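Okay, here's what each chain looks like letter by letter:
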Amino acid sequence: MPTHTVQLRRFCMARSGDKGDAVDISLFAPDEATFQLLREAVTADRVNGFFADMAKGPTKRYELPNLLALKFVVQGALGGGAAGSLRSDNLGKAYGANLLHMTVEMPADLLAQCPDMRHPDSRGP
Amino acid sequence: MKSVRIGAAQAFYGDKLKPAIDMARNAKVDYLCFDCLAELTLAILQKDRQKNPALGYTRDVIPVMKALLPICLPQGIRLITNAGGIHPEAAAEAIAKVAQELGLKLKIATVVGDDVLPRLNAFKSQGHVTAMLGAPSDPLGGLPPMTFANVYLGARPILEALHAGADLVLTGRTTDTAQYLAAAAHGLGWSLDDLDKAAQGVIAGHLLECTAQATGGNFSGAWWEVEGLENLGYPIADVYEDGSFVVGKTPGSGGLVSVDTIKEQLLYEIHDPSNFISPDVIVDMTGIRLEQAGPDRVKVSGAKGRAGPPTLKVVAGYPAGFVGEGRVVYTWPDALPKAKKFESLLRKAIEDDGIKIQEFRAEYFGVNAIHEGNAKLPSDELPEVVVRVAVRTATEREAQRVGRHFPPLGIAGPPHLTGLSGISGARELMGVASFLVPREQIEPHVQVRMQAL
C-alpha cells in the first residue's frame, strides 16, 4: 500500500487554550484507524520538539480513545501567562492550528476515507 | 424521568447579550448561568478597583441584569453568576439599585469568602501554601506582593443560596462549572456527595460555560458548513435525575450541536482528562460517551467522580511591569525587508531615548507572527506585512514613550510605511501565581448573604 506524507490539517480537528503559562491542545481523529495512527506518530516528544522555538516544555500527552482524541499540555508556552505576556497569541488560541502543520505518513486507503478538513477554497486544483 | 433545563448566558466579561435574551424568552430554562471570569479577568478587575474602590466586578453585569431580570423573574428562572469578580458586595449593591429602579422584587444572595488576599501572609507563615503538581516548590518565592488572591469556590455555597430561595446568586471567583453543578443539584435534589452525578454536573457546566464554543462557534471541523453563525444560539442542557444530560441550544437559533462540536469543547483547557479537579469532585472523563440524540442534540453520559481534594486552588496576581506597543504596515515591493529594517531602527531609537528594555518582541503578521518557526513562508514577495513591536519596561512612563518612536520612522525610515493607527499607550502587565491552600482554612470563612428587595 502506498503512503502519503500528509499534514494533520487535511483530516484532523484541533482546539487550544491556556492555563497559566501552559498551552493545552486537543487533537481529534475522524475514525478509529486514524486515531491509532496518530497515537503512534504524534508523540509527546515530537510535539515538544515541534514547538521548541516557541515553548520551553516539557510536553505531556493524554489519550482519549473514547473520543478518538489526544491531549497535549505544553509548559512554558505563553511568555509567562496571558496577563503578563508580550505575545499576540497570549492565550495560546492558535497553537492548535499550528500543530496542524505537522505531517504524518498515511496509507492511501486510509487517507481516502478521511473527510477533507480543508475549506473548499483551500483545496487547490 | 425528572429533568431540569440549564442555560448558558455568558462565557466571558463582554460576551454578547442577545443570545442570553433569546434564551430567556424562548428556551423555557429553569436556570441561567454565567461564567464571567477567565484567569485574566481578575487582573483586569484588580486594575479597575485600584482606580475606584467601588468597582472590581464585571461592569457589564448592570446592562445584563437590566435586560434579563424583567424577563426571568416572572418565569421563575433563577440566575447564577460570578460577575462579582473580586468585589461581589459592590456588584450586589449596584444590581440592587437597578432592580429598585425597575421596580423588581427579588432575593439576591451574595457569596463571599473567596478573597484571601488579607490572609496570604498568615497562610505563608503558617505553612498553608503548597505548590500545584509540577510547579516550583515555593510558589510565591521571589515574587512581589500580590495585588489580588482568590480561591476557586465550588458549588456548595451556591447550592445553599438556591436552597435559601435566591432568585439571583452572585459570587466572586468560582470554578467555571460551579454555577451549573449547583443548578443541577438544586433542581434534581442531588447530594454533592453522589460523586458520579456531581461529575456529570461538572461536565455539563464545562460544556456550557464557554457558550458558543459548544454550539458551532470556534469549531475547527467543517466550520464553513455551520449555518446561522450570525444568530448563533447558546447551549442548554436537559439534565436528568440519573446524571445523564442532553446538550441542545435555543430553539430557532443558528449554529450546530454535534458530537464533534461537543467533544471539542469537552476537552478544552482541561489538562489531565482523568483528573479534572473541582472543589466538589474530581472528574474522570475517560469513560464519557457522546451520542447524537437528534438534530442539534447530543447525549452525554459516563463521567466518573472521586471525592474532592483536601486543598483548594488560589489564583493570585502581581505586577509584572508595563508594555508599550504598536504596529505599522509596509507594502510591496520589499515589504518584509523594509519591515525588518523598521524593527532595528525602532529598537535603536527606543534605546537612544534611555528606555530600559526588559523584553523586546517583534512579530510579522502575514508572515510568522503567530505560527513562528512552523509557518510556511511564501516563495513570492509578500503584498504587505504588518510589523508589531512590544516592549516590556519597569515603569509606566517608559512604556508610554515607546509608541512615540513609531511615527517618525514614516519619514525617516524605509519607504511606504502606512497604517499608523495601531499605536497604543502603556498597559500594565500582571503575573499570575497559582497554589493550593487546605480547604479547612477557607470553607469556614465562606458566607452566603441574603438580601430581599
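The model shown is predicted, which means the values in this text are computed figures rather than measured ones. (Residues numbered from 1 in each chain as written. Chains lettered and ligands numbered in written order. Predicted model: local features only at pLDDT ≥ 70, side-chain atom pairs only at ≥ 80, totals over all residues. Heavy atoms only, no water.)

Topic: the overall build of chain A
Okay, so step 1: Summing up its helical and strand segments, chain A has 4 helices and 6 strands in all.
Okay, so step 2: Ordering the α and β elements of chain A from the N terminus gives β-β-β-α-α-β-β-α-β-α.
Okay, so step 3: Its C-alpha atoms put chain A at 50 × 30 × 25 Å along the principal axes.
Okay, so step 4: A separation threshold of at least 6 residues defines the contact pool for chain A, and within that pool the share at least 24 residues apart is 67%. (Helix = DSSP H or I, 4+ residues; strand = E, 2+ residues; numbered from the N terminus. Contact = heavy atoms within 4.5 Å.)

Focus: the packing of helix α6 (residues 156-163) of chain B against helix α7 (residues 178-188) of chain B
Residue and element names in this part refer to chain B.
Okay, so step 1: Where α6 contacts α7, the axes come no closer than 8 Å and their chain directions differ by 45°. Here α7 runs oblique to α6, going by the angle between their axes. Here α6 runs over α7; the crossing is right-handed. Contacts from I158, L159, L162 and H163 in α6 reach A178, Q179, A182, A183, A185 and H186 in α7. (Axes fitted to C-alpha atoms, helices over the stretch in contact; angles between N-to-C directions. Parallel < 35°, antiparallel > 145°, perpendicular 65-115°, else oblique. Left-handed = near helix turned anticlockwise from the far one by under 90°.)

Describing helix α10 (residues 335-352) of chain B
Residue and element names in this part refer to chain B.
Okay, so step 1: Over its 18 residues, α10 runs 26 Å from end to end, which matches the ideal 26 Å to within 8%, given 1.5 Å per residue.
Okay, so step 2: Of all the residues in α10, the buried ones are A335, K338, A339, F342, L346 and I350. For α10, the buried positions fall inside an angular range of 105° around the axis, keeping them on one side. Turned more than 90 degrees from where α10 packs its buried face, P337 and D352 sit exposed.
Okay, so step 3: Close packing links the buried residues of α10 with β14 (311-331), β15 (359-365), β16 (384-393), α11 (396-402), α12 (409-412) and β17 (417-423). (Expected span 1.5 Å × (residues − 1). Buried < 20%, exposed > 50% of the residue type's maximum accessible area, 1.4 Å probe, protein only. Arc of directions from axis to C-beta.)

Topic: the domain arrangement of chain B
Okay, so step 1: One can read the domain layout of chain B as domain 1 (3-114 + 152-309) and domain 2 (316-432).
Okay, so step 2: Between the C-alpha centres of domain 1 of chain B and domain 2 of chain B there is a distance of 38 Å. (Domains from an automatic or database assignment.)

A short note on the packing of helix α8 (residues 195-208) of chain B against helix α9 (residues 259-266) of chain B
All names here are of chain B.
Okay, so step 1: Contact geometry for α8 and α9: axes closest at 8 Å, N-to-C directions at 105°. Regarding the angle of α8 to α9, the classification is roughly perpendicular. Counting all contacts with α8, which are made through I203, H206 and L207, the residues of α9 involved are I262, Q265 and L266.
Okay, so step 2: For the contact of α8 with α9, a count of residues per class yields 4 nonpolar, 2 polar and no charged. (Nonpolar A, V, L, I, M, F, W, Y, C, P; charged D, E, K, R; others polar.)

Focus: helix α4 (residues 88-101) of chain B
All names here are of chain B.
Okay, so step 1: Helix length check: α4 (14 residues) gives 20 Å between terminal C-alpha atoms against 20 Å at 1.5 Å per residue, within 8%.
Okay, so step 2: Residues of α4 that are buried sit in contact with α3 (61-75), β3 (78-85), β4 (107-112), β6 (168-172) and β19 (447-452).
Okay, so step 3: Of the residues one or two after α4, G103 is the one with positive phi, at around 70°.

Some words on the packing of aromatic side chains
Okay, so step 1: Per the stated rule, a full pass over the model turns up 5 aromatic pairs over all chains.
Okay, so step 2: With centroids separated by 5.0 Å and ring planes inclined at 65°, the aromatic side chains of F51 of chain A and Y95 of chain A adopt a geometry described as edge-to-face. Of this pair, F51 of chain A sits in the loop between α2 (44-50) and β4 (59-64) while Y95 of chain A sits in helix α3 (residues 95-99), and the two are 44 residues apart along the sequence. With respect to class, F51 of chain A is no different from Y95 of chain A; both count as buried.
Okay, so step 3: Arranged with centres 5.6 Å apart and planes meeting at 90°, the rings of W223 of chain B and W224 of chain B form a pair that is edge-to-face.
Okay, so step 4: Pairwise contacts between aromatic rings join F50, F51 and Y95 of chain A into one cluster.
Okay, so step 5: Just above the ring of Y268 of chain B sits the side chain of R15 of chain A; from NZ or CZ to the centre is 5.8 Å. (Phe/Tyr/Trp six-rings, centres within 6.5 Å; stacked < 30°, edge-to-face > 60°. Lys NZ or Arg CZ within 6 Å of the ring centre and 35° of its normal.)

As for the interface of chain A and chain B
Okay, so step 1: Each partner contributes to the interface: chain A provides 43 residues, whereas chain B provides 47 residues.
Okay, so step 2: Overall, the association of chain A and chain B removes approximately 3800 Å² of surface from exposure, summing both partners, and the carbon and sulfur fraction of that is 57%.
Okay, so step 3: The tally of links from chain A across to chain B stands at 2 salt bridges.
Okay, so step 4: Two residues, E264 of chain B and R15 of chain A, come together in a salt bridge whose shortest N-O distance is 3.4 Å.
Okay, so step 5: Remark: the boundary between chain A and chain B carries 29 residue pairs in polar contact (both at pLDDT 80 or more).
Okay, so step 6: The element best represented in the side of chain A that touches chain B is strand β2 (residues 13-19) of chain A, accounting for 7 residues.
Okay, so step 7: Its residues assigned to classes, the side of chain A that touches chain B comprises 19 nonpolar, 12 polar and 12 charged. (Buried area = accessible area lost by both parts, 1.4 Å probe. Salt bridge = Lys/Arg side-chain N within 4 Å of Asp/Glu carboxyl O. Polar contact = N/O pair within 3.5 Å; in protein donor to acceptor, adjacent residues only side chain to side chain.)

Details of the nonpolar core
In a soluble, globular protein the nonpolar side chains are often hidden away together inside.
Residues and elements named next belong to chain B.
Okay, so step 1: In this structure, I203 and V300 are the most contacted members of the largest nonpolar core, which totals 76 residues.
Okay, so step 2: With 8 residues, the single largest contributor to this core is α7.
Okay, so step 3: When sequence neighbours within four positions are dropped, the list of residues in contact with I203 reads F245, L266, V283, M285, I288, V300 and A303.
Okay, so step 4: Membership of the second largest hydrophobic core comes to 41 residues, among which are L55, A94, L170 and Y234. (Core = buried A, V, L, I, M, F, W, Y, C linked by side-chain atoms within 4.5 Å.)

Let's talk about the side chain of E372 of chain B
Okay, so step 1: Note on placement: E372 of chain B falls in the loop between β15 and β16.
Okay, so step 2: Here E372 of chain B falls in the buried class, since its relative accessible area comes to 17%.
Okay, so step 3: Side chain to side chain, E372 of chain B and R87 of chain A meet in a polar contact 3.2 Å long.
Okay, so step 4: A distance of 2.9 Å separates polar atoms of two side chains, one belonging to E372 of chain B and the other to R361 of chain B.

Regarding the sheet that holds β2 of chain A
All names here are of chain A.
Okay, so step 1: Spatial ordering of the open sheet is given by β2-β3-β5-β4, a layout of 4 strands whose pairing is antiparallel. The open sheet terminates on both sides in strands that have one partner only, identified here as β2 and β4. The average undirected angle you get between the axes of adjacent strands in this sheet is 15°.
Okay, so step 2: The pairing of β4 with strand β5 (residues 69-74) spans 6 bridges and is antiparallel. In the sheet register, Y62 faces β5, and the bridge partner there is K71. (Pairing = 2+ DSSP bridges.)

Quick look at the pattern of salt bridges
Residue and element names in this part refer to chain B.
Okay, so step 1: On inspection of all chains with the given rule, the structure shows 30 salt bridges over all chains.
Okay, so step 2: Linking R156 and D193 is a salt bridge whose minimum nitrogen-to-oxygen distance equals 3.2 Å. With a gap of 37 residues between them, R156 in helix α6 and D193 in the loop between α7 and α8 connect regions that are remote in the sequence.
Okay, so step 3: Between K197 and D194 there is a salt bridge; the shortest N-O distance is 3.5 Å.
Okay, so step 4: Given a relative accessible area of 23%, K197 falls into the partly exposed group.
Okay, so step 5: Looking at D194, the relative accessible area reads 32%, which means it is partly exposed.

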